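# Descriptive structure summary
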Amino acid sequence: MSFEPKIVGFMCNWCSYAGADLAGTSRIKYPPNVRVIRLMCSGRVDERLILKAFALGADGVLVCGCPPGDCHYLKGNLSARRRVMGLKPFLECIGIGADRLRLDWISASEGLKIGETVESFTETIRKLGPSPLRRSNHDN
Amino acid sequence: MEPRIGVYICHCGSNIAGTVAVEEVAQFASGLDSVVVARDYKYMCSDPGQNLIKDDIKELGLNRVVVASCSPRMHEPTFRRACEDAGLNAYLFEMANIREHCSWVTEDKQAATEKAKALVSAAVRRIYYQEPLETREVPVNSNVLVLGGGIAGIQAALEIADSEHQVYLVERDSSIGGHMAQFDKTFPTLDCSACILTPKMTTVGQHQYIQLMTYSELEEVSGYVGNFQAKIRMKAKYVDQEKCTGCGRCQELCPISVPSEFDQGLGKRKAIYIPFPYAVPNKAVIDAESCSHLKGLKEGKDVCRLCEKGIEKKGIAGCEAGAIDFSQEDKIVEVEIGSIIIATGFQQFDPSVIYEYGYGHYDNVLTGLQFERLSNASGPTSGEILLTDGRTPESVAIIHCVGSRDQNYHEYCSRVCCMYSLKYSHLIREKIPNAQIYQLYIDLRCFGKGYEEFYNRLQKEGVNFVRGRAAEVTGVAETPEEKGKLVVLCEDTLISRQRRIPVDMVILSCGLEPRADAGEVARLVKISQSADGFFLEKHPKLDPVATATDGVFVTGCCQGPKDIPDTVAQASAAAARVLAMISKGKVEVEAITSVIDEKLCSGCKICKDLCPYGAISFDEEKKVCSVNEALCKGCGTCVAACPSGAITGRHFTTQQLLAEVEGVLV
């Protein structure tokens with residue numbers, strides 16, 4: 001069977017989750033690989049959530065928040081950016097790879113961008129193959 | 001108490017069931033831990049659907065409910081209420097979004113079903129750890145801030161003030177009235193715009209429940225629904241508004257002339273001016289950018305002051321009321337309000353970027369708004385339609401869709417240009433009976449009440465309708481007839497022929513676009529803009545005046561192009577929403593806040609500096625931080641940042657989120 005990436009999406013309630021709702025309302029089709037978890041703000045995303053997702057077998061983690069300057073909570077999205085950027089080198093070090101974690105700004109009106117982002121990230125992960133953590137699980 | 005979970009999978013007619021095998025998902029859910037019952041039903045949001053939940057809570061002793069249906073942004077309140085009706089705390093309910101995030105966006109049915117299972121499993125695992133929470137009720141301040149004094153703001157302000165609630169109406173210009181005050185006649189009834197607007201403007205100016213703040217701008221907004229604080233900058237007018245009688249003597253004395261914004265640059269105004277004769281308030285202001293005395297003051301010089309002192313030699317007195325006050329400074333006024341209505345309107349598309357239409361290059365190529373002023377009795381020509389050299393035009397071309405329905409500029413239709421273009425034909429015909437009038441259109445969109453009839457009437461009045469988008473306006477003549485004329489080049493698609501139409505005047509029916517600083521307003525009140533830049537409403541059909549921020553409403557053209565009837569209707573709708581909030585007197589605030597465990601807190605204060613609302617304070621005695629729940633908005637940034645794991649974000653606890661992660665990865 002071909003490899004189907006499992007991707008966990010963390011999206012803020014006000015912009016990105018609403019954008020994903022709009023993608024639905026507009027019937028924009030995109031791959032089913034990203035499963036979205038709603039948060040009030042992307043600033044809520046911490047290292048624990050991301051690492052746990054990888055530990056539980058995610059092949060990729062997508063974090064989406066309001067575009068800078070548009071954060072519903074003023075600057076929570078900037079915290080998310082710092083955290084994601086800080087975590088990337090660590091992911092690289094432990095062999096998961098920095099490219100498996102992606103951060104994007106998607107506003108409530110960008111249904112199309114949700115589709116494009118999910119499509120391109122799924123493609124990236126598909127090329128990277130299953131997460132090393134998943135591969136070792138399979139080997140055992 | 002051991003969780004007893006009920007799971008309900010909605011078909012949403014065929015919206016979900018057409019793509020997702022709902023029975024299979026229900027079957028899957030029934031096998032999950034602690035699930036007592038799993039059902040699928042045609043419409044969960046219907047009364048029978050909700051009753052299904054209520055009955056199961058009572059009969060099966062459910063203490064957790066999961067509904068897999070549409071977005072929680074849509075129906076979470078509905079199902080929470082149903083749970084509460086059956087005695088279950090609203091926060092023991094969870095939704096899995098298998099419509100917007102699954103059935104509507106997935107083509108493959110098998111994949112959609114698998115995704116739906118994952119989302120249901122996440123919700124079930126998450127709800128296992130959910131806890132009952134109490135919502136807070138906060139009182140609603142009955143004062144209202146209306147931003148923008150065009151017809152939308154005026155209408156909304158009057159509706160609210162008439163029910164005896166205080167309104168602060170903030171307008172950037174020195175008079176209210178907005179674009180409608182500039183118009184000549186209004187389509188399709190041909191009412192004189194000023195005649196129907198001025199009574200409303202005057203009422204606003206005199207209303208005991210409206211505090212009119214002209215020449216003012218919103219600077220800062222804080223607080224939350226029902227309890228906002230706003231800072232408003234009242235720009236210095238340099239004229240004591242109490243003393244000014246609006247006599248206009250100062251305008252006659254002032255030696256500085258600048259293009260009038262109100263007349264769209266066709267006429268002049270002075271540096272001290274009343275923008276138009278029926279301005280409200282009818283008081284002068286000094287434009288500090290143009291006034292030579294105010295400019296001189298910056299360099300330490302004392303010049304001019306003719307408006308204040310008059311011309312002594314000729315025995316002409318200055319302001320008799322003694323209203324001129326060059327020492328005035330901007331004032332910041334703070335107001336407390338419960339709700340905000342945004343009615344900041346639109347700006348006209350600037351056609352100079354469409355080089356081929358020659359706007360700004362050729363005289364007698366006008367924008368729509370310029371023509372309104374030209375045709376208006378209070379305009380620069382007292383309502384005579386004249387060319388720049390003072391001749392009367394014998395032929396006029398009106399080019400539609402300038403900046404609208406054009407991938408290069410704005411993709412959307414501006415909704416009013418067809419009708420105002422038709423209106424121009426009528427106004428020209430009325431004033432210049434023999435004029436040749438050409439309408440160059442793509443499609444004529446006459447959709448409103450009485451609009452199609454108006455179009456039919458125009459056809460009888462003898463207007464040349466040419467179907468085709470104008471390609472160019474040129475002054476280069478190819479034949480003797482074209483000499484000294486503007487030539488409009490286009491393809492007449494109805495006769496499949498290229499045409500050159502020589503005319504004396506070209507009117508560009510420019511589209512409506514969001515104001516250049518709409519983004520700043522959006523940031524101030526924390527609302528979003530749609531892709532075209534207009535403010536985003538909560539729901540395009542069912543909630544067109546509310547926004548993602550509770551207590552902030554949008555109305556008029558700042559939400560999207562619309563004509564006057566639609567604007568007025570939407571303004572009244574926004575007012576009705578505000579009045580409903582006021583009459584209820586209180587709003588429920590989500591119980592989603594952060595709480596710090598004193599025992600775990602190390603007192604590092606990282607959270608304190610991150611909190612955008614200043615909700616976290618440090619107790620010097622105990623050396624720990626604590627959260628003020630009244631200020632906390634529940635974003636969870638502090639939860640993520642706490643190095644000791646001492647902060648819990650209610651309803652979004654780490655345990656709940658990790659369970660959800662586990663769920664989506666099954």
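Residues numbered from 1 in each chain as written. Chains lettered and ligands numbered in written order. Predicted model: local features only at pLDDT ≥ 70, side-chain atom pairs only at ≥ 80, totals over all residues. Heavy atoms only, no water.

## Side note on the pattern of salt bridges
- Considering all chains together, one arrives at 48 salt bridges over all chains under this definition.
- Between Asp-59 of chain A and Arg-134 of chain A there is a salt bridge whose closest N-O contact spans 2.6 Å. Here the residue Asp-59 of chain A occupies a position in the loop between helix H2 (47-55) and strand E3 (60-65), and Arg-134 of chain A occupies one in helix H5 (residues 132-139), the gap between them amounting to 75 residues. The burial state of Asp-59 of chain A is the same as that of Arg-134 of chain A; both residues are buried.
- Notably, a salt bridge pairs Glu-76 of chain B with Arg-80 of chain B, separated by 3.8 Å at the nearest N-O pair. One end of the pair is Glu-76 of chain B and the other is Arg-80 of chain B, both in helix H3 (residues 72-85) and four residues apart, which spans about a single turn.
- One salt-bridge network, in which partners are shared between bridges, spans Arg-172, Glu-217, Lys-235 and Asp-517 of chain B. (Salt bridge = Lys/Arg side-chain N within 4 Å of Asp/Glu carboxyl O. Helix = DSSP H or I, 4+ residues; strand = E, 2+ residues; numbered from the N terminus. Buried < 20%, exposed > 50% of the residue type's maximum accessible area, 1.4 Å probe, protein only.)

## Quick look at empty space enclosed by the protein
- Under the criterion given, the structure shown has seven cavities of 30 Å³ or more.
- Empty space within the largest cavity amounts to approximately 190 Å³.
- Contributing elements (two or more residues each) for the lining of the largest cavity: strand E2 (34-39) of chain A together with strand E4 (93-97), helix H5 (109-128) and helix H18 (654-664) of chain B.
- Across the lining of the largest cavity, the residue classes tally to eleven nonpolar, three polar and four charged.
- Lining the second largest cavity are 15 residues, with Cys-611, Ile-616, Cys-632, Cys-635 and Cys-638 of chain B positioned closest to its centre. (1 Å grid on protein atoms, 1.4 Å probe; cavity = no way out; pocket = protein on both sides within 12 Å on 5 of 7 lines; lining within 4 Å. Points joined across faces, edges and corners; volume = space filled by probe spheres on them. Nonpolar A, V, L, I, M, F, W, Y, C, P; charged D, E, K, R; others polar.)

## Points about the domain arrangement of chain B
- What the domain assignment lists for chain B is domain 1 (5-135), domain 2 (138-235 + 332-345 + 515-589), domain 3 (249-317), domain 4 (348-513) and domain 5 (594-649).
- Centre-to-centre, using C-alpha coordinates, domain 2 of chain B lies 36 Å away from domain 5 of chain B. (Domains from an automatic or database assignment.)

## Comments concerning the packing of aromatic side chains
Residues and elements named next belong to chain B.
- Counting across every chain of the model gives 13 aromatic pairs over all chains.
- An angle of 15° between the planes, with centres 4.1 Å apart, marks the rings of Phe-262 and Phe-276 as stacked. Remark: Phe-276 occurs in the loop between strand E15 (272-273) and strand E16 (285-286) and Phe-262 occurs in the loop between strand E13 (257-259) and strand E14 (268-270); sequence separation between them is 14 residues.
- Of the aromatic side chains, those joined through ring pairs into one cluster are Phe-187, Phe-447 and Tyr-451.
- Sitting over the face of the ring of Tyr-215, Lys-235 holds its NZ or CZ atom 4.8 Å from the ring centroid.
- The ring of Tyr-273 has Arg-269 sitting right over it, with the charged end atom 4.0 Å from the ring centre. (Phe/Tyr/Trp six-rings, centres within 6.5 Å; stacked < 30°, edge-to-face > 60°. Lys NZ or Arg CZ within 6 Å of the ring centre and 35° of its normal.)

## A closer look at the interface of chain B and chain A
- Each side of the interface is counted separately: chain B has 50 residues, and chain A has 48 residues.
- Counting each side, the surface lost to burial between chain B and chain A is near 4300 Å², with a carbon and sulfur contribution of 61%.
- Among the residues chain B hides against chain A, the three largest losses belong to Arg-73, Trp-104 and Leu-665 of chain B. Together they make up 15% of the total.
- The interface formed by chain B and chain A holds three salt bridges in total.
- Of all the elements in the fold, those that place two or more residues in the side of chain B that touches chain A are H3, helix H4 (99-103), H5, helix H16 (606-610), helix H17 (637-641) and H18 of chain B.
- In terms of residue count, the dominant contributor to the side of chain B that touches chain A is H18 of chain B (seven residues). (Contact = heavy atoms within 4.5 Å. Buried area = accessible area lost by both parts, 1.4 Å probe.)

## As for the nonpolar core
- Within the largest apolar cluster, 99 residues are counted, with the highest numbers of intra-cluster contacts made by Phe-10 of chain A together with Val-65 of chain B.
- By residue number, the principal contributor to this core is H5 of chain B, which donates eight residues.
- Structurally, this core is a two-domain feature, drawing no fewer than three residues from each of domain 1 (5-135) and domain 5 (594-649) of chain B.
- Apart from the residues within four sequence positions on either side, Val-65 of chain B is in contact with Gly-6, Tyr-8, Ile-53, Ile-57, Cys-83, Leu-88, Leu-92, Phe-93, Glu-94 and Ile-127 of chain B.
- Counting residues in each nonpolar core, the second largest holds 60 residues, with Val-138, Val-167, Leu-169 and Tyr-278 of chain B among its members. (Core = buried A, V, L, I, M, F, W, Y, C linked by side-chain atoms within 4.5 Å.)

## Describing the packing of H5 of chain B against H18 of chain B
Residue and element names in this part refer to chain B.
- The N-to-C vectors of H5 and H18 enclose an angle of 155°; their axes lie 7 Å apart at closest approach. Taken as axis vectors, H5 and H18 run roughly antiparallel relative to one another. Where H5 crosses over H18, the handedness of that crossing is right-handed. Residues Ala-118, Leu-119, Ser-121, Ala-122, Arg-125 and Arg-126 of H5 form the contact with H18, whose own contacting residues are Gln-656, Leu-657, Ala-659, Glu-660, Glu-662, Gly-663 and Val-664. (Axes fitted to C-alpha atoms, helices over the stretch in contact; angles between N-to-C directions. Parallel < 35°, antiparallel > 145°, perpendicular 65-115°, else oblique. Left-handed = near helix turned anticlockwise from the far one by under 90°.)

## A word on helix H12 (residues 417-431) of chain B
- Between the first and last C-alpha of H12 of chain B there are 21 Å, a value that for 15 residues agrees with the 21 Å anticipated at 1.5 Å per step.
- Where burial is concerned, most of H12 of chain B is hidden: 13 out of the 15 residues are buried. (Expected span 1.5 Å × (residues − 1).)

## Re the pairing of strand E28 (residues 497-503) of chain B
All names here are of chain B.
- Two strands pair when backbone bridges link them, and strand E27 (residues 486-492) and E28 are joined in this way by seven bridges, in the antiparallel orientation. Its bridge partner lying in E28, Asp-492 is registered against Arg-497.
- Linking E27 back to E28 in an antiparallel pair, the connection comprises four residues, with Ser-496 at a positive phi of about 50°. (Pairing = 2+ DSSP bridges.)

## Describing the sheet that holds strand E31 (residues 552-554) of chain B
Residues and elements named next belong to chain B.
- Strands sit in the order E10-E7-E6-E20-E31 across an open sheet of five strands; the sheet is parallel. Where the open sheet ends on each side, the last strands, each with one partner, are strand E10 (210-213) and E31. Each strand of the sheet is rotated relative to its neighbour by a mean of 20°, with strand direction disregarded.
- Pairing analysis gives four bridges linking strand E6 (residues 144-147) to strand E7 (residues 167-170), with the strands arranged parallel. Across the sheet, residue Leu-145 finds its bridge partner in E7, namely Tyr-168.
- Contacts from helix H6 (residues 151-162) reach E6, E7, E10 and strand E20 (339-342), with the element oriented near 170° to E7.

## Details of the state of the cysteines
Residue and element names in this part refer to chain B.
- Across all of its chains, the model carries one disulfide over all chains by this definition.
- Disulfide pairing places Cys-192 opposite Cys-195 at an S-S distance of 2.4 Å. Linking Cys-192 and Cys-195, the disulfide has an S-S dihedral of approximately 85° and is accordingly described as right-handed.
- Cys-192 sits in the partly exposed class, given a relative accessible area of 25%.
- There is no disulfide at Cys-244, and the cysteine sulfur nearest it, in Cys-250, is 6.3 Å away. (Disulfide = S-S within 2.5 Å.)

## Some points on the sheet that holds strand E25 (residues 464-467) of chain B
Residue and element names in this part refer to chain B.
- Spatially, five strands are ordered E22-E29-E23-E24-E25 in an open sheet, and the strand pairing comes out parallel. Two strands in the sheet have a free side with no partner beyond their single neighbour: strand E22 (365-367) and E25. Ignoring which end each strand starts from, the neighbouring axes of this sheet average 20° apart.
- Pairing of strand E23 (residues 395-402) with strand E24 (residues 436-441), which is carried by five bridges, proceeds in the parallel orientation. Of the residues in E24, the one forming a bridge with Ala-397 is Tyr-438.
- Across the sheet, H12 is in contact with E23, E24, E25 and strand E29 (505-510); its angle to E29 comes to roughly 150°.

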